[in-house]
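Analysis of the macromolecular model
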2 protein chains.
Amino acid sequence: MVGKSNSVRINSLPGVRRLPFYLNILRRMRNGQPKIISAVALAEEAGQAVSVVKKDIEMTGAVGKTGVGYEVAALIGGIEKFLGWTEPCDAFLLGVGNLGSALLGYGGFRRYGLRFVASFDVDQSKVGSFVHGVEVFPPAKIAELARKLGAKTGVLTVPAEHAQESARIFVDSGMTRIWSFAPIPLTVPDGVIVQREDLTAGLAELMVRCRNAGRGS
Amino acid sequence: MVGKSNSVRINSLPGVRRLPFYLNILRRMRNGQPKIISAVALAEEAGQAVSVVKKDIEMTGAVGKTGVGYEVAALIGGIEKFLGWTEPCDAFLLGVGNLGSALLGYGGFRRYGLRFVASFDVDQSKVGSFVHGVEVFPPAKIAELARKLGAKTGVLTVPAEHAQESARIFVDSGMTRIWSFAPIPLTVPDGVIVQREDLTAGLAELMVRCRNAGRGS
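Residues numbered from 1 in each chain as written. Chains lettered and ligands numbered in written order. Predicted model: local features only at pLDDT ≥ 70, side-chain atom pairs only at ≥ 80, totals over all residues. Heavy atoms only, no water.

1. Describing helix H5 (residues 72-83) of chain B
Residues and elements named next belong to chain B.
- With twelve residues, H5 extends 17 Å between its outermost C-alpha atoms, agreeing within 8% with the 16 Å of an ideal straight helix rising 1.5 Å per residue.
- Turning to H5, its buried residues number three or more, namely Val-72, Leu-75, Ile-76, Gly-78, Ile-79, Glu-80, Phe-82 and Leu-83.
- Of the residues flanking the end of H5, it is Gly-84, one or two places downstream, whose phi is positive at about 75°. (Helix = DSSP H or I, 4+ residues; strand = E, 2+ residues; numbered from the N terminus. Expected span 1.5 Å × (residues − 1). Buried < 20%, exposed > 50% of the residue type's maximum accessible area, 1.4 Å probe, protein only.)

Now the structure itself:
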């Protein structure tokens, strides 16, 4: 029961989720012109209301100049700092299947400070191999390596039926942040944060939006 | 500018996104006891407020019995029907890299009605091969196959710099729903729906939640 064991409440998590998208837009601008972007222009690019964009950026503490806009480089830096993406975060990944392998190879994460330093799988044939440059270890090594490498973040890409047990292993190894791609609730002790990612959530949204638009016709 | 070209507005998209999670919880219950679940019990399992769960379910049209709860099988059916997951949806995937391959092999999608009928990649060495049972074709074949197979849904897993051009190919081929994993805005004509999935959004949320909780310690 994630929601029960974690009492963390943040007002604008949807806003936090939009920040990487703004970052991508801004980073693509950085190399070219302009050096300044207005909230209106950024909102237009992002397909969001201006008021939403302003509020999201306000949350990061970045400030623009009235009647002018935000300095692109400063805004990038402000958002990155707010997201904690200026310091690298070392992570473990458990479950080197299709999705796990894809995440290990996803260049975007490294750009955002997430660095996979070890991966784990019960499949003995995978142990000892390197997937996108990350070595695969047996799960029995998690505690030892977590101590050695100081990793606090664990990414879970195991099948749903193994997710709870896997989360327990991460927690027992001293890890305090779990990013779970298993579409089930996980029970963790207080102080451990579980972020659940559900790829089918986007599919649900797409289907309902299409139906509301007359099946996309 | 996704938000500009699509005038679709749905009140509770976050609610829609939570429905697959409820479904997973309910499906795991289906084979065992109980046959009835109260909103309170489902809310507890899902780590959500009872009022949120009730509202989300109300949106699907499923009704429970006062003081008793929802019949599990009926609730599953009601949510699936609302999400349009009772009829299979045939989809194309463009960009058979790490993420694309993982999505082609993700069993969850088929369970939710999404069936990949063809995939496409510019890499000639991949053309003609099968990835998780799905044949890889050259992008030049998209229009012909879309006509032949009647596919209206396209999943985009190409690098950001090719995303806009790829979206244009989908649109020119008569496809009306695009599920894009490229972290940039896409410009599409009216009537085409773009659902953007950003894996780094979850990472942003995790980082900020951890910091708010004192870096997860």
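Text resumes after the structure shown.
2. Regarding helix H9 (residues 160-172) of chain B
Residue and element names in this part refer to chain B.
- The end-to-end C-alpha distance of H9, which contains 13 residues, comes to 19 Å, matching closely the 18 Å that a straight helix rising 1.5 Å per residue would cover.
- Those residues of H9 not exposed but buried are Ala-163, Ser-166, Ala-167, Phe-170 and Val-171.
- Of the surrounding secondary structure, the elements contacted by the buried residues of H9 are strand E3 (89-94), helix H8 (142-149), strand E7 (153-156) and strand E8 (177-180). (Contact = heavy atoms within 4.5 Å.)

3. A look at the packing of helix H3 (residues 39-46) of chain A against helix H4 (residues 50-60) of chain A
Residues and elements named next belong to chain A.
- One way to put it is that H3 packs onto H4 with a least axis distance of 8 Å and a crossing angle of 105°. The angle between H3 and H4 falls in the class roughly perpendicular. Between H3 and H4, the contacting residues are Ala-39, Val-40, Leu-42 and Ala-43 on the first element and Val-50, Val-53, Lys-54 and Ile-57 on the second. (Axes fitted to C-alpha atoms, helices over the stretch in contact; angles between N-to-C directions. Parallel < 35°, antiparallel > 145°, perpendicular 65-115°, else oblique.)

4. A word on the domain arrangement of chain A
Residues and elements named next belong to chain A.
- When cut into domains, chain A gives domain 1 (13-83) and domain 2 (89-201).
- Summarising the inter-unit geometry, the C-alpha centres of domain 1 and domain 2 are found 31 Å apart.
- With five residues of domain 1 in contact, the opposing surface of domain 2 contributes four residues.
- The contact between domain 1 and domain 2 buries some 310 Å² in all, and 26% of this surface belongs to carbon and sulfur atoms.
- When the buried area of domain 1 at its contact with domain 2 is split by residue, Arg-17, Asn-24 and Arg-27 rank highest and sum to 85% of it.
- At the junction of domain 1 and domain 2, the tally comes to one salt bridge.
- The residue Arg-17 makes a salt bridge to Glu-197 at a minimum N-O spacing of 3.5 Å.
- The tally of links from domain 1 across to domain 2 stands at one residue pair in polar contact (both at pLDDT 80 or more). (Domains from an automatic or database assignment. Buried area = accessible area lost by both parts, 1.4 Å probe. Salt bridge = Lys/Arg side-chain N within 4 Å of Asp/Glu carboxyl O. Polar contact = N/O pair within 3.5 Å; in protein donor to acceptor, adjacent residues only side chain to side chain.)

5. Structural notes on the confidence of the model for chain A
Residues and elements named next belong to chain A.
- Per-residue confidence for chain A averages 87 on the pLDDT scale, and 91% of its residues sit at or above 70.
- Per-element mean pLDDT across chain A ranges from 37 in helix H1 (residues 2-5) up to 98 in strand E6 (residues 134-137).
- Residue range residues 1-11 is modelled with pLDDT below 50. Its contacts to residues more than four positions away, or to other chains, number 24 contacts.
- Two numbers describe this predicted complex: its pTM, 0.83, and its ipTM, 0.80. (pLDDT = per-residue confidence, 0-100.)

6. Quick notes on the packing of aromatic side chains
- Applying the stated criterion across every chain yields a total of twelve aromatic pairs over all chains.
- Where Trp179(A) meets Phe181(A), the ring centres are 5.2 Å apart and the plane angle is 50°; that geometry is what we call tilted.
- Residue Trp179(A) is classed as buried on the basis of its relative accessible area of 1%.
- Taken together, a centroid distance of 6.3 Å and an interplanar angle of 75° make the contact between Phe109(B) and Phe116(B) edge-to-face.
- Owing to a relative accessible area of 1%, Phe109(B) belongs among the buried residues under this scheme. (Phe/Tyr/Trp six-rings, centres within 6.5 Å; stacked < 30°, edge-to-face > 60°.)

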